[in-house]
Amino acid sequence: MTEFTLNAQARTDLGKGASRRLRHAANIPAVVYGGSKPAESVTILAKEIAKLFENEAAYSHVIELNVDGSKQNVIVKAMQRHPSKQFIMHADFVRVVAGQKLTAIVPVHFVGEEAPVKKGGEISHVLNEIEVTCLPKDLPEFIEVDLSALEIGAIVHLSDIKAPKGVEFVALAHGDDKAVANVHAPRVAPEAEEGAAE
């Protein structure tokens, strides 16, 4: 059912000091919660979690988490990285329950960017990921946004994107039609303007 697996060990040594000791030993503290079971504190090998999340798809896929031989399906809810070195410092996982909707962050893949650029436009990506709600079986790997038909000055909003079957955009459900990308005229550098004036 799942393409991704991750091994973990249950931990009872909690707190900031314990988390620091874990990281020094090349382990990552994590928490698993949701479903009908209580929250569970676990430890994952730093190199194993880093390898898994080299694959962008792991962020929006169901992961089989093996805690001391007991397997459960989870998705990533939050990931804390070191501000400058970018290695993973902590992870939160939510248990996936079949038939029960889940909320997940899914990456955005932009296609057709060459067309507006050929017309002299510049593209700004406003959102690189979208929060969705759906059943586990409907969880998309990514959301594709086609920019090929855009003219200069155009803005793509969430409401302009066709959500995959069974998938709902959380922001739209709350009445927030966010901008996803826009095409604007190239910004002229001040030096170039001064040169032209002279």
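Cut-offs used in this document
Residues numbered from 1 in each chain as written. Predicted model: local features only at pLDDT ≥ 70, side-chain atom pairs only at ≥ 80, totals over all residues. Heavy atoms only, no water. UniProt positions renumbered as here; feature names shortened; annotations may be inferred. 1 Å grid on protein atoms, 1.4 Å probe; cavity = no way out; pocket = protein on both sides within 12 Å on 5 of 7 lines; lining within 4 Å. Points joined across faces, edges and corners; volume = space filled by probe spheres on them. Helix = DSSP H or I, 4+ residues; strand = E, 2+ residues; numbered from the N terminus. Nonpolar A, V, L, I, M, F, W, Y, C, P; charged D, E, K, R; others polar. Buried < 20%, exposed > 50% of the residue type's maximum accessible area, 1.4 Å probe, protein only. Contact = heavy atoms within 4.5 Å. Pairing = 2+ DSSP bridges. Axes fitted to C-alpha atoms, helices over the stretch in contact; angles between N-to-C directions. Polar contact = N/O pair within 3.5 Å; in protein donor to acceptor, adjacent residues only side chain to side chain.

The protein appears in an unreviewed UniProt entry as Large ribosomal subunit protein bL25 from Pseudomonas quebecensis. Looking at the Sequence similarities (unreviewed entry) heading of the UniProt record, one finds this comment for the protein: "Belongs to the bacterial ribosomal protein bL25 family. CTC subfamily." In its Function (unreviewed entry) section, the UniProt entry covering the protein states "This is one of the proteins that binds to the 5S RNA in the ribosome where it forms part of the central protuberance."

Below, the discussion takes up the layout of surface pockets. Approximately 230 Å³ is the volume found for the largest pocket. Where the lining of the largest pocket is concerned, the elements lending two or more residues are strand E5 (70–81) and strand E7 (102–111). The element best represented in the lining of the largest pocket is E5, accounting for four residues. Tallied by class, residues from the lining of the largest pocket come to seven nonpolar, one polar and three charged.

Now for the environment of Cys 134. Mapping Cys 134 onto the fold places it in strand E9 (residues 129–134). Residue classification places Cys 134 among the buried positions, given a relative accessible area of 0%. For the pair Cys 134 and Ala 104, spaced 30 residues apart in sequence, the C-alpha to C-alpha distance is 8.4 Å. Not counting residues up to four positions away in its chain, the partners in contact with Cys 134 are Lys 101, Leu 102, Leu 139, Pro 140, Gly 166 and Val 167.

A few words now on the sheet that holds strand E11 (residues 155–157). Pairing in this open sheet of three strands is antiparallel, and the strands run E8-E13-E11 from one edge to the other. At either end of the open sheet lies a strand with only one pairing partner, and these are strand E8 (122–125) and E11. Strand-to-strand, the axes of this sheet are offset by a mean angle of 15°, without reference to chain direction. Relative to strand E13 (residues 179–184), E11 is paired through three bridges, and the arrangement is antiparallel. Among the inter-strand pairings, Ile 155 is bridged to a residue of E13, identified as Asn 182.

It is worth spelling out the side chain of His 61 at this point. Locating His 61 in the fold gives a position in the loop between helix H2 (46–52) and strand E4 (63–67). Polar side-chain contacts of His 61 include one of 3.0 Å to the backbone oxygen of Ala 57. Sequence-distant contacts of His 61, defined by excluding residues within four places in its chain, comprise Glu 3, Phe 4, Val 74, Ile 75, Leu 139 and Glu 141.

Taken together, the six strands give a closed barrel; going around it, the order is E1-E3-E2-E6-E5-E4, and neighbouring strands pair in mixed fashion. On average, adjacent strands in this sheet sit at an angle of 45° to one another, irrespective of strand direction. Here E4 runs beside E5; their pairing, made up of five bridges, is antiparallel. Each residue of the ladder has a partner; that of Leu 65, found in E5, is Gln 72.

Examined against the element boundaries, His 90 turns out to sit in strand E6 (residues 88–95). The class for His 90 is buried, based on a relative accessible area of 19%. In terms of polar contacts, His 90 uses its side chain to reach the side chain of Asp 92, at 3.4 Å.

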